[in-house]
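Each chain is listed here by its residues.
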Amino acid sequence: MAKSSASYVCQSCGAATAKWAGKCESCGGWNTIVEEGAAPPLGSGATRRSKGRRFPLEDLKTEDAPPPRRVTGVAEFDRVTGGGLVAGSALLVGGDPGIGKSTLILQALGEYAKAGGHAVYISGEEAMGQVRMRAARMGLSAAPLMLGAATCVEDILATIEAGHPPGIVAIDSIQTLWTGALDAAPGTIAQVRTASFDLVRYAKASGAALILVGHVTKDGQIAGPKQVEHLVDAVLYFEGERGHHFRVLRAVKNRFGATDEIGVFEMTGKGLAEVANPSALFLGDRASAAPGTAVFAGLEGTRPLLCEIQALVSPTSYGTPRRAVVGWDTGRLAMILAVLDAHCGLGSGAGVGIGASDVYLNIAGGLKIGEPAADLAAAVALVSSFGGEPLPRDSVFFGEISLSGDIRPVPQAESRLKEAAKLGFKSAFVPKGTRVEAAGLSLTEIASVADLLRFGPQAGSRPVRRATIES
Ligand code: TYD
Ligand code: MG
C-alpha cells in the first residue's frame, strides 16, 4: 500500500511537511504548523467514504419575511448596520484603543434600552463603577440597561441564558474573553476565536443580536478583530484621528446591508454626538482662499460628503523629494504626479518641476478617502499650490484621472452636485460627459489634465509637453 504523504500542515499558507517544525519554511510563519490527519493519496482507492445523506436543493424564491431588525435609535449607528441589528446576527466593532468603541456601544445600548428594548452590556475591561460613571457622564443613568462585568464565556452564557432573553448583547471586549475549555491565556488567538465562536453560536440559537468589541493591535501581541471577522455577519470599524473630535463608523463587511456606508460622530464631553450633515463638519470654517486647497465632492456609501483636499508643493532640500500623504493613498499621489508631469509639463521646464519638489497632501479633518473620484480635486490642489494661485472659493471638483490624462466620469454625479449646491457652492468642475441637472451650479466640463493648467502657474508660461500616446 502506498505510504500516505505528510501530515504536518502550516495553518497560515497550507504547506505540508513530513516533520513538525517551529517555523514554516514556505511562508516563514512561526508556530503555524499543526499535525493533521494524514490524507491517503488521491486515487489510491483507500478513500472509502460513508454513504452521504441527501438534502433538498431549493431555488432562490423566498416567502420568508425579511429578518426582524433591532433599531437602537442612534441613527448613524443604525444606518451603518443597514437599518438596525438583525436578530440572531453577530456584529464586530473594531478600532484603535481609546477611539470610543465602548462609548459608542454603551450609547447605542442605552438608547435601545430607553426605548423599551432589553439590552445586556458585559464589560471585561472596566469595573461596573467605571461604566456607571461613563453612563452618568453621557446622561444614560436612567436607561434600564443590564450591566455586568465578566470575562469567562461560560459565566457570561450561563448568566444571559438564565434571564429574560435579551434583544442585544454587547461584549466589551473580545480580547479579555477566555474559556475554561482551553489552557491558553486570555487574548491569545485560540481563546479569542473559541470564546467568540461560542457567543456567536448562542446568538444564532437564541435570536439575540450580538455585538463584539475588538481592539485593533498593531504589533499582534494580542489577537485582533481580524481573527474573528469570518465568524461574524458584519464588521464595522470605528476610526478617527486622535487630534480630531470626529469619528467615522465604517462598514467593511455586512451580510445584511451595504458596505462602505459610514456614520459620522463627534466626540463631546457628553459622549458621541451624531453628525447629520458631515460635509459642513469636514469643510469646517474655511479660511480665505489659499493656494493648494480644493473641495472634493465625494461619496461615502450612499451619502454625498464634501471635504477639503490640501496640497503643498515646495522646493526640496533633500536629494530625493519627500512625499507625505494623510488620508489618501501614496500610490495614487505618485500616479497623479506622473500624469501631471507627462501631460501638463509641470515636471519639466525652467526651474524646479513638480516631480522634483516635496509634495504633501492632506485630507482636512482627518478623513480617509478611497474613491478614485478624488483624483481631479487632488490634482487641481497640487497644480494650484505649485503655481501659487488660489482656486475659486465656491467651486467643487470631482473626476477620475486615467494614465492617459483623460478625466473619466464618476458615479452619482447628481447627488454630489446636489450636496454642493445645498452647502452654497456656486460652480463645479466635472468630467466631460457628465450630463446632469445641477440646480444653482454652473458646470465646467474638464476633458483632460491639460485643462487644469488654467488654475496653475500663469497659463502658458511653462512649456507643455504633450502626451506621446494620443488617444
Ligand atoms: P472609549 O470608549 O473608552 O474607547 P475604547 O473603548 O475604544 O477604548 O473612549 C475613550 C475616550 O473617549 C477617552 O479618551 C475619553 C473620551 N470620551 C470623551 O471625550 N467624552 C465622553 O463623554 C466619553 C465617555 C469619553
Ligand atoms: Mg473600551
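Residues numbered from 1 in each chain as written. Chains lettered and ligands numbered in written order. Predicted model: local features only at pLDDT ≥ 70, side-chain atom pairs only at ≥ 80, totals over all residues. Heavy atoms only, no water.

A few words now on the site of ligand 1. Around ligand 1, the surrounding shell holds 16 residues, and the nearest of these are G98, S102, T103, T268 and G271. A distance of 3.1 Å separates a nitrogen atom of ligand 1 from a polar atom in the side chain of R137. For ligand 1, whose unbound accessible area comes to 560 Å², protein coverage reaches 75%. Listed by contribution, the elements that provide at least two residues to the shell around ligand 1 are α2 (101-114), α3 (128-137) and β13 (262-268). Looking at the shell around ligand 1, the element that brings in the most residues is α2, giving three residues. Considered class by class, the residues forming the shell around ligand 1 number three nonpolar, eight polar and five charged. (Near = heavy atom within 4 Å. Polar contact = N/O pair within 3.5 Å; in protein donor to acceptor, adjacent residues only side chain to side chain. Areas by Shrake-Rupley, 256 points an atom, 1.4 Å probe, with all protein chains shown as cover. Helix = DSSP H or I, 4+ residues; strand = E, 2+ residues; numbered from the N terminus. Nonpolar A, V, L, I, M, F, W, Y, C, P; charged D, E, K, R; others polar.)

Taking strand neighbours across the sheet as the criterion, the seven strands line up as β17-β18-β16-β15-β19-β22-β23 in an open arrangement whose pairing is mixed. Two strands lie at the open edges of the sheet, namely β17 (323-326) and β23 (442-446), each paired on one side alone. On average, adjacent strands in this sheet sit at an angle of 25° to one another, irrespective of strand direction. Of the pairings in the sheet, the one linking strand β15 (residues 293-300) to strand β19 (residues 395-397) comprises two bridges and is parallel in character. Paired with F296 across the strands is F397, a residue of β19. In this fold helix α8 (residues 375-387) packs onto β15, β16 (303-315), β18 (357-363), β19 and β22 (427-431), with an angle of close to 30° to the strand it touches most, β16. (Pairing = 2+ DSSP bridges. Axes fitted to C-alpha atoms, helices over the stretch in contact; angles between N-to-C directions. Contact = heavy atoms within 4.5 Å.)

Examined against the element boundaries, P97 turns out to sit in the loop between β6 (90-95) and α2. Residues P97 and H215, 118 residues apart in the sequence, show an inter-C-alpha distance of 5.8 Å. Not counting the four nearest positions on each side in its chain, P97 is found in contact with H215, V216 and R242.

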